[in-house]
Amino acid sequence: MRLLPLSSASAVVVLALLPSSSALAAGPEGAGASSFTISDPRIKESSGLAASRLHPGVYWTHNDSDDGPYVYAVDSATGKTVARITLTGIGRPRDVEAISLGPDGQLYVGDIGDNKDGTWDHVWIYRFPEPKVLGDATVKAAQFTVKYADGPRNAEALMVHPVTGRVYIASKHESTGGLYEGPERLSASGPNVFRRVADVPWVTDGAFSPDGSRLALRGYFTARTYAWKDGRTEGEGERADAPWQGQAESVTYAADGSALMFGSEGGTSRVVAVPLAAATASPAPPKPGSPPEAAPSPEPTGSFGKGALVLAGALALTFAAKRLFRRRRSTH
């Protein structure tokens, strides 16, 4: 997914209002997971993450688009690529946005993006076994055609449940995003129809916890984790302390469930480990008898949160300044 660039004036305003990048990008290390930087210059648009089960500390990722049928294994201890897998048996990838590891030991790659907001009548999922030995290799993948029961969607999040093996997709929309459930088993012989089962905020990626009891969804500015029961989310979820990342595109759980791993696009991008306890921490409720002003302010809901409000305010100021400037020029 590519964002339209802000004008230089907008960028200045946004940077002035947002906390410093060092404060926002930094995050505490998980007990069983560590933050790392992807050093491979070929990985410029890391758009999905999946923790390996066979290779501790290794994360699978891929570029967003314009790369080819490639999937990369990155060692979190060094940030270096330890394998590049070339997929065969599939068509030319169009807009790869997500990756997830299923209970069958296979990696599912979601070629599900649609930057034209739902103009393609079908998208694809590719599936191949996670390699037992790491190293550059060519692997034949299965290809599955996906359609949505309610028409084409733009999506960037694909999640395979670690117990049932069922595939879910979260569509990306600022106000009408949905969680879509695939068939019990994917079929390569015809379209796999995904049906909407819940509303979700603006989502750029998602992941199930290793035991399948929670679903994490992130957007550009916020993230939430939801209890998962009987194939559905429960309640409004809990806020997760996602770090500020310029192009916040990916999230996964560490293989041991100790942390959420937040990634982004860009060269030498940083993957930030946020321990699970910290990731879902909520403000403490006010003590009995506390004055009203001592109560914590409610967090903005929806897909944006505080970051979005700052950005919206910054853009509003920029547009207002430009309009005033044009008025002054017209009077001279």
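Described in the following lines is the structure provided in the data block. (Residues numbered from 1 in each chain as written. Predicted model: local features only at pLDDT ≥ 70, side-chain atom pairs only at ≥ 80, totals over all residues. Heavy atoms only, no water.)

**As for the environment of Val-58**
Within the secondary structure, Val-58 is located in strand S3 (residues 58–61). Taking the relative accessible area as the measure of exposure, Val-58 reaches 6% and is therefore buried. The sequence separation of Val-58 and Asp-75 amounts to 17 residues, and the corresponding C-alpha distance is 4.5 Å. What Val-58 contacts, discounting residues up to four positions off in sequence, is Ala-50, Ala-51, Ser-52, Ala-73, Val-74, Asp-75 and Leu-134. (Helix = DSSP H or I, 4+ residues; strand = E, 2+ residues; numbered from the N terminus. Buried < 20%, exposed > 50% of the residue type's maximum accessible area, 1.4 Å probe, protein only. Contact = heavy atoms within 4.5 Å.)

**Brief notes about the packing of aromatic side chains**
Per the stated rule, a full pass over the model turns up seven aromatic pairs. The interplanar angle of 70° and the centroid separation of 5.1 Å between the aromatic rings of Tyr-148 and Tyr-180 together place this pair among those described as edge-to-face. Here Tyr-148, found in strand S10 (residues 142–148), pairs with Tyr-180, found in strand S13 (residues 178–181); they are 32 residues apart in sequence, far enough to count as distant. Summarising the burial analysis for this pair, Tyr-148 and Tyr-180 share the class buried. When the ring centre of Tyr-70 is taken as origin, the NZ or CZ atom of Arg-84, which lies over that ring, is 3.9 Å away. The ring of Trp-120 carries Arg-94 above its face, with NZ or CZ at 4.0 Å from the centroid. (Phe/Tyr/Trp six-rings, centres within 6.5 Å; stacked < 30°, edge-to-face > 60°. Lys NZ or Arg CZ within 6 Å of the ring centre and 35° of its normal.)

**Some details on unusual backbone geometry**
One non-glycine residue, Asp-230, adopts positive backbone phi at about 55°. Take Asp-230: it is sitting in the loop between strand S17 (223–229) and strand S18 (232–240). The phi dihedral of Thr-268 is positive, around 45°, even though this residue is not glycine. Assignment of secondary structure puts Thr-268 in the loop between strand S20 (259–264) and strand S21 (270–275).

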